[in-house]
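# Chains, contacts and geometry: an overview
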Amino acid sequence: MTSPYIPGPQGWQPAQPPVGAWPGQNAPEGSPWQQQAWPAAQGQQQPAAPHQPAAQQQPAVQQWQPAQQWSQPAEQQWQQPAGAWQDAAPQGSWQAAPEHAGFGGAPSGPGEIVPVDEFADDFSSVLENSSVHRSTIGCIVPAYNEAESIADVIRSLLEQSRVPDVIHIVVNNTSDDTVKIASEFSGPHEVETELGLQFTEVFVHDIGKNPDKKVGALNYGYALVEGYDYLLGVDGDTTADRRAVEYLENEAVADSRIGGISAIYTIDDRPIKGFIAKWLIAGQRTQFAAFNMQNLLRGRNMAVLGGQFSIFSTTALRDIMKENHQNSPWVKDSEVEDSLLSLQIKSAGYLTKISPFARADVGGMTTLKGYDAQQVKWTYGAIELMWPGQRGDTKGQPFHPNLRLRWFEQFSMLTNFFVRVAFITLLIASLSINAFVFSPWWLLPPLVAAGLNFRMARSMQKANGRDIAFAVLLFPAEIFMWIRISHFIRSWTRFLSKKKVDNWALQARAEKGGVSFGHWTPFIIFGIVAIAIAVIWNLLDPVTQSAILWVGWPIVGVVTVLQTLTMAIKLFQRHQGFKV
């Protein structure tokens, strides 16, 4: 189609006569319309004699041909599609703005020559108000007896700077008022944030008796949001900083390789009451801080995308379902559904990351029974994933990259167990035959451990006095380490015995306050073993006793030196500005 622009003395001009050069009027001097004969009446067509302006320099990019004859009346010529005139004139030239076909007219009508710069403000406003693709987020909150916390969880989601597009509360196996409290928030919500006015809707689903427990609730929720771009999983006792969703979404959108990204987890200890509860929470805060920091320093590769507050690409979830022949993302035959899903996402070629900015407060365990049941379930499930061979429907993946940190944790717990038990045994044996000699070097390992705990406490973004005291006083951290060793022993004993146990049910019963003394079992066994060793020791002759001490102390010394060096490396390792 003929371009409506031709070169003129003032730059690029419309091929149509400008206003004031219609029949009966004189055209501008030197214009391409000068000496051109036009019909006496509009609508009458007559060929126009093409003229090329004298001494007009041709554009360097494209050679324009002389204006061809007009085949339509001037008024109809402006109704050509955008392709007939769009981009005809180079940027910075004088352009005419057609007023028909939605092109937007020039201020004085067709043919008025308007500088390009005068449209800059209008163009910017169009860009600001333009409609572009916005990723969608469907949030799932599996809730089991969360009456005390569910209201705060929903408020936390509704107060986010980036509100999820839909929030599904999936209540399962509950016996309290979780459904009633959550239903107070059901329905549509308009939220005004710094990112603008946002809309979301809260749905509450009571799925009743669910044999698959949390896994069943997650899969139920996935069926509701599988058409969204991202799935946000939030535990029924987890609240997040108000920009957590925004941070997670921005990073996930910025890199399509990310299959899932987790927030930094900690525990809000302000509402905790009671000495034992506060001590347990201080230990768990340190445990979370160390785990988060290890993941951040490993290129922010997250070993486990915890369901407490993580965002998943639904594309990645569909891929792992197809690759593993699953009907749903989470499987019920694993004690650690989050760990297994993280492994599958990584195996499918996606990244599993931890955000350095998004933060969430999770629910902590305030009783020894509850903490023991939770840790045994987690450790038992991790061992299943690490151990070679097939156990039921779960295949061990000992060399999976996401399990390297798990192997290190297990080896570290074994070392801690050996050093402590061996040191106490040799110490008592040496004292019994007056062979004990104190060395100041023995103070170095606990001092390095205290320094490492102190630095970890200082790396917490919201560290408080209890965190510092827990680190530097040694005694609280040492007792907590013995509690963790008991979890380590119980988990491996249960795994190696091949005894079928429902760890989910045991944790639920422990959290309810059911009577159980299982968490004391390792200490009872340790006491019995200590008595047996003491009896056997007293039956040995002095030469044998001396030989045992002569061999035992160097072995413990070498292991302790290696462990101390490992702690010293962590103590002086740069944290690269990360805060947990």
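Residues numbered from 1 in each chain as written. Predicted model: local features only at pLDDT ≥ 70, side-chain atom pairs only at ≥ 80, totals over all residues. Heavy atoms only, no water.

### Points about the overall build of the protein chain
Spelled out, the test is: Put simply, DSSP marks the helices as runs of H or I at least four residues long and the strands as runs of E at least two long, and each gets a number from the N terminus on. The rule is simple: take the accessible area with a 1.4 Å probe, protein chains only, and divide by the maximum for that residue type; under 20% is buried, over 50% is exposed, in between is partly exposed. Note on contacts: a residue pair qualifies if any of its non-hydrogen atoms lie within 4.5 Å across the two residues. Values of accessible area rely on a 1.4 Å probe in the Shrake-Rupley scheme; residue burial ignores everything except the protein chains shown.
A count of helical and extended segments in the protein chain gives 17 helices and 15 strands. Each of the 580 residues in the protein chain was classed as buried or not, and the buried ones make up 46%. If you take every contact in the protein chain between residues at least 6 apart in sequence, the share linking residues at least 24 apart comes to 75%. A total of about 30,100 Å² of accessible surface is found on the protein chain, and carbon and sulfur atoms cover 59% of it.

### Concerning helix 9 (residues 337-347)
One turn of the α-helix equals 3.6 residues, which is why residues spaced by three or four share an orientation. Burial within helix 9 is extensive, with nine of its eleven residues counted as buried. Within helix 9 the residues assigned to the buried category are Glu337, Asp338, Ser339, Leu340, Leu341, Ser342, Leu343, Gln344 and Ile345. Immediately beyond the C-terminal end of helix 9, within one or two residues, lies Gly349, with a positive phi of roughly 100 degrees.

### Examining the side chain of Glu246
The condition that has to hold: In protein, a polar contact requires one atom able to donate a hydrogen and another able to accept it; more generally it is a pair of N or O atoms within 3.5 Å, and residues adjacent in sequence count only if both atoms are side-chain atoms.
Structurally, Glu246 is set in helix 6 (residues 244-254). Polar contacts involving the side chain of Glu246 include one to the side chain of Ser161, which spans 2.6 Å. If sequence neighbours within four positions are ignored, Glu246 has contacts with Ser161, Arg162 and Leu195.

### Thoughts on the nonpolar core
Rules: Here, nonpolar core refers to any group of buried Ala, Val, Leu, Ile, Met, Phe, Trp, Tyr and Cys residues whose side-chain atoms link them within 4.5 Å.
Core analysis: the largest hydrophobic core is formed by 39 residues, its most contacted members being Val141, Leu157, Ile167, Ile169, Leu232, Val234 and Phe309. When residues of this core are assigned to their parent elements, the largest contribution, six residues, is made by helix 3 (residues 150-158). Counting 34 residues, the second-largest nonpolar core is a separate cluster that includes Val166, Leu297, Ala316 and Met460.

### Some points on the sheet that holds strand 5 (residues 137-143)
The test is simple: Should DSSP find at least two bridges between two strands, the strands are regarded as paired. Helix axes use the C-alpha atoms of the stretch in contact, all axes being lines fitted to C-alpha atoms, and the angles between their N-to-C directions lie in the range 0 to 180 degrees.
In space, the nine strands of this open sheet follow the order 7-8-6-5-9-12-11-13-10, with mixed pairing throughout. Two strands lie at the open edges of the sheet, namely strand 7 (187-193) and strand 10 (239-240), each paired on one side alone. Where strand 7 and strand 8 (residues 196-206) come together, seven bridges link them in antiparallel fashion. Bridge pairing in strand 8 places Glu190 opposite Phe199. On the sheet, helix 5 (residues 213-225) packs against strand 5, strand 6 (166-171), strand 8 and strand 9 (230-234) and is oriented at approximately 155 degrees with respect to strand 5.

### Quick word on the packing of aromatic side chains
Selection rule: Between the rings of Phe, Tyr and Trp (Trp by its six-membered ring), a pair exists once the centres lie within 6.5 Å; its type follows the angle of the planes, with under 30 degrees stacked, over 60 edge-to-face, and the other angles tilted.
The full count for this structure, using the stated rule, is 15 aromatic pairs. Their ring planes at 75 degrees and their centres at 5.7 Å tell us that Trp387 and Trp492 sit as a pair that is edge-to-face. One end of the pair, Trp387, is in the loop between helix 10 (368-386) and strand 14 (390-391); the other, Trp492, is in helix 14 (residues 475-496), and 105 residues separate them in sequence. Take Trp387: its relative accessible area is 34%, and that puts it in the partly exposed class. Aromatic ring contacts, followed pair by pair, group Tyr380, Trp387, Phe488, Trp492 and Phe495 into a single cluster.

### Considering the pairing of strand 8
Each regular strand displays side chains that alternate between the two surfaces of the sheet. Sheet analysis places strand 6 next to strand 8, joined by five bridges and oriented parallel. Following the sheet pairing, His168 is matched in strand 8 by Phe203. The turn linking strand 7 back onto strand 8 is made up of two residues.

### Let's talk about helix 3
Where burial is concerned, most of helix 3 is hidden: seven out of the nine residues are buried. Taken together, the buried positions of helix 3 are Ile150, Ala151, Val153, Ile154, Ser156, Leu157 and Leu158.

### Brief notes about unusual backbone geometry
Located in the positive-phi region is Asn145, a residue other than glycine, with phi close to 50 degrees. Relative to the helices and strands, Asn145 is located in the loop between strand 5 and helix 3. In this structure, Asn173 is a non-glycine residue whose phi angle is positive, near 55 degrees. Relative to the helices and strands, Asn173 resides in the loop between strand 6 and helix 4 (178-183).

### Here's the deal with the pattern of salt bridges
Let me state the cut-off plainly: One side-chain nitrogen of Lys or Arg within 4 Å of one carboxyl oxygen of Asp or Glu is enough to make a salt bridge.
Scanning all chains against the criterion turns up 17 salt bridges. Residue Arg466 is joined to Asp269 by a salt bridge in which the shortest nitrogen-to-oxygen separation is 3.3 Å. A residue pair is termed long-range when its members are at least 10 positions apart, and Arg466 in helix 13 (residues 465-472) and Asp269 in the loop between strand 11 (258-266) and helix 7 (275-297) qualify at 197 residues. For Arg466, a relative accessible area of 33% translates into the label partly exposed. Looking at Asp269, the relative accessible area reads 7%, which means it is buried.

### Observations concerning the packing of helix 11 (residues 404-432) against helix 14
The following threshold applies: An angle counts as roughly parallel when it lies under 35 degrees, as roughly antiparallel when it exceeds 145, as roughly perpendicular when it falls between 65 and 115, and as oblique in every other case. Crossing handedness: left-handed means the near helix sits turned counterclockwise from the far one by under a right angle, and right-handed means the same turn made clockwise. Just so you know the grouping, Ala, Val, Leu, Ile, Met, Phe, Trp, Tyr, Cys and Pro go in nonpolar, Asp, Glu, Lys and Arg go in charged, and all remaining residues, Gly too, go in polar.
Remark: helix 11 packs on helix 14, axes separated minimally by 10 Å, with the N-to-C direction vectors making an angle of 115 degrees. What the angle tells us is that helix 11 and helix 14 run roughly perpendicular. The two elements helix 11 and helix 14 meet at a crossing, and its hand is left-handed. Contact with helix 11, carried on its side by Gln410, Met413, Leu414, Asn416, Phe417, Arg420, Val421 and Ile424, involves Glu478, Met481, Trp482, Arg484, Ile485, Phe488, Ile489 and Trp492 of helix 14 and no other residues of that element. Its residues placed into classes, the contact of helix 11 with helix 14 shows eleven nonpolar, two polar and three charged.

### A few points about the confidence of the model for the protein chain
Basically, it comes down to this: Each residue carries a pLDDT value, the predictor's own confidence for that position, ranging from 0 to 100.
Summary statistics for the protein chain give a mean pLDDT of 80 and a share of 73% for residues scoring 70 or more. For the protein chain, per-element mean pLDDT is lowest for strand 3 (residues 94-96), which scores 37, and highest for strand 9, which scores 98. Note that pLDDT drops below 50 for residues 1-7; the model gives that stretch 35 contacts with residues more than four away or on any other chain. Taken as a whole, residues 122-127 scores under 50 in pLDDT and shows zero contacts with residues more than four places along the chain or in a different chain.

### Some points on the pairing of strand 6
Here is the rule we go by: A crossover counts as right-handed when, viewed with the strands pointing away from the observer, the path leading from the first strand over the helix to the second turns clockwise.
Among the six residues in strand 6, six count as buried, and that is most of the element. Of the two faces of strand 6, the one lined by Val166, His168 and Val170 and the one lined by Ile167, Ile169 and Val171 are each fully buried. Summarising the sheet, strand 5 and strand 6 pair through six bridges and their orientation is parallel. Within strand 6, the residue paired with Pro142 across the bridge is Val170. This β-α-β element, strand 5 to helix 3 to strand 6, shows right-handed connectivity.

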